[in-house]
Amino acid sequence: MKTLYFCFFAKLSYKSHLSSNTLNYILQQLPIIYLAPFQGITGVTFRLVYAKHFQGVDKFFTPFFTTIHHSSKLPPRKLAELGHPYENGIPVVPQILSKDADEIIRFANFCERLGFDELNWNLGCPYPQVANKKRGSGMLPFPVMVEDILGKVMNEINIKFSIKCRLGYVSADEIFDLVPIFNHYPISGLTIHARTGKQLYTGKTDLETFEKLIPLISPPLTYNGDIFFRKDFECFDKQFNTINSFMIGRGLLWDPFLPAKIKDLTIVDNQQEHIRQFINDLYFAYRKQMNDNLSAISVLKEYWSYLSMSFNDPHKVFKKLKKVNRFDEYEDAVSLVFDEFNWVGA
Ligand SMILES: Cc1cc2nc3c(=O)[nH]c(=O)nc-3n(C[C@H](O)[C@H](O)[C@H](O)COP(=O)(O)O)c2cc1C
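These numbers were taken from a predicted model, which means no experiment stands behind them.

> Mind laying out the nonpolar core, listing which residues take part and the relevant values?
Counting residues in hydrophobic clusters, the biggest one holds 105 residues, and the most contacted among them are Trp121, Leu150 and Trp304. No other element matches the eight residues that helix H14 (residues 295-307) contributes to this core. Residues contacting tryptophan 304, with those up to four places away along its chain left out, are Ile279, Phe311, Val317, Phe318, Leu321, Tyr330, Val334, Val337 and Phe338.

> Hey, could you go over unusual backbone geometry for me, with residue numbers and the actual values?
Non-glycine residue asparagine 291 carries a positive phi angle of around 50 degrees. Along the polypeptide, asparagine 291 turns up in the loop between helix H13 (271-289) and H14. You will see that aspartate 292, though not glycine, has its phi angle at about 60 degrees, which is positive. Tracing the sequence through the fold places aspartate 292 in the loop between H13 and H14. Assessed through its relative accessible area of 43%, aspartate 292 is described here as partly exposed.

> So what's going on with the packing of H14 against helix H15 (residues 314-322)? Which residues, and what values?
The geometry of H14 relative to H15 is characterised by a closest axis approach of 9 Å and an angle of 175 degrees between their N-to-C directions. Considering their axes alone, H14 and H15 lie roughly antiparallel with respect to each other. Seen from H14, the contacting residues are Lys301, Trp304 and Ser305; seen from H15, they are Val317, Phe318, Leu321 and Lys322. Residue composition of the contact of H14 with H15, by class: four nonpolar, one polar and two charged.

> So what's going on with the environment of cysteine 125? Which residues, and what values?
Mapped onto the fold, cysteine 125 is located in the loop between strand S5 (118-123) and helix H6 (128-131). A sequence separation of 71 residues divides cysteine 125 from threonine 196, and the C-alpha atoms of the two residues are 10.0 Å apart. Not counting chain neighbours up to four residues away, the residues in contact with cysteine 125 comprise Phe64, Leu97, Val130, Ala131, Arg135, Gly136, Ser137 and Gly138.

Quick notes on the rules
- Residues numbered from 1 in each chain as written.
- Predicted model: local features only at pLDDT ≥ 70, side-chain atom pairs only at ≥ 80, totals over all residues.
- Heavy atoms only, no water.
- Core = buried A, V, L, I, M, F, W, Y, C linked by side-chain atoms within 4.5 Å.
- Buried < 20%, exposed > 50% of the residue type's maximum accessible area, 1.4 Å probe, protein only.
- Helix = DSSP H or I, 4+ residues; strand = E, 2+ residues; numbered from the N terminus.
- Contact = heavy atoms within 4.5 Å.
- Axes fitted to C-alpha atoms, helices over the stretch in contact; angles between N-to-C directions.
- Parallel < 35°, antiparallel > 145°, perpendicular 65-115°, else oblique.
- Nonpolar A, V, L, I, M, F, W, Y, C, P; charged D, E, K, R; others polar.

Interpretation note: all reported values are geometric properties and have no functional meaning in isolation.
See the structure below:
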């Protein structure tokens, strides 16, 4: 409803002379949409090409960085990932996965020098090899540790510091011990993926616990988890009227138009042709970034495992792409997909 309300006024504002206060008020009603970080997919090349082709995303979060020994010693490939603090005007927020306050401070200062104005701390990574070392969501059962790190970091950095977490590692109750800590520090934003770490990406999101958290949390709150279609967003929007900020991952990878669809922005008539141009640009951009190394195909195949979901026969579409190993095979498979299958979108 908030979306429809906004769109009505947004369209009206083109033709009339609404005061800036009114426009600001209206703009505040527009849902804020962040691209969720995806290790292996949403790197600098994806963000660059995505931002050229699609509208509706308000902020990009990079996949996480780890093991920052010294800023000047970041390998060139990782440094290139931090090449653009903005992508077509959209701010980019680097993310760090760490349990070492000094490392976080070093990385924050480095990001500041590169022109970024926010760093995001990953307290959500669920994989056992990470979580067992009390990193990512594995730190959530240890509030003292979280507080100790925040106490050190918040005094030493000049850029905004936000957090992305889950409800807990083992149990969704763990977050309630973290709330007073998150509220105590000037955290610029808290994104909650409404699952536990142990759940990985399975089972349902725990909306009941998320709802209980809403009145308790002081930093600006963003919801994340299982928004695949516009109707998922609408249900959520209706249930949690006070939440206006959403992070979307898989839904956006399935259908890159999803943020624009949620915001009711104008979308090209021929979506299939637009997707085709996007995927072709992405292909050449990856080839360039990887100096024509065949590993570009693996990255594209990984992305097709999501994009194929928005075609009329996802299984068959992905099967065509899965078996390719050379650039000419990839090009043929993509042509065939766009000739023989239909883009249906979210
Ligand atoms: C392959 C993969 C890689 C991911 N990489 C990251 C990451 O680097 N940092 C992070 O905070 N979350 C990462 N996530 C989690 C997503 O950002 C997001 O929180 C999750 O997919 C839930 O959102 P969704 O239901 O909209 O996809 C990853 C998820 C997947 C499946």
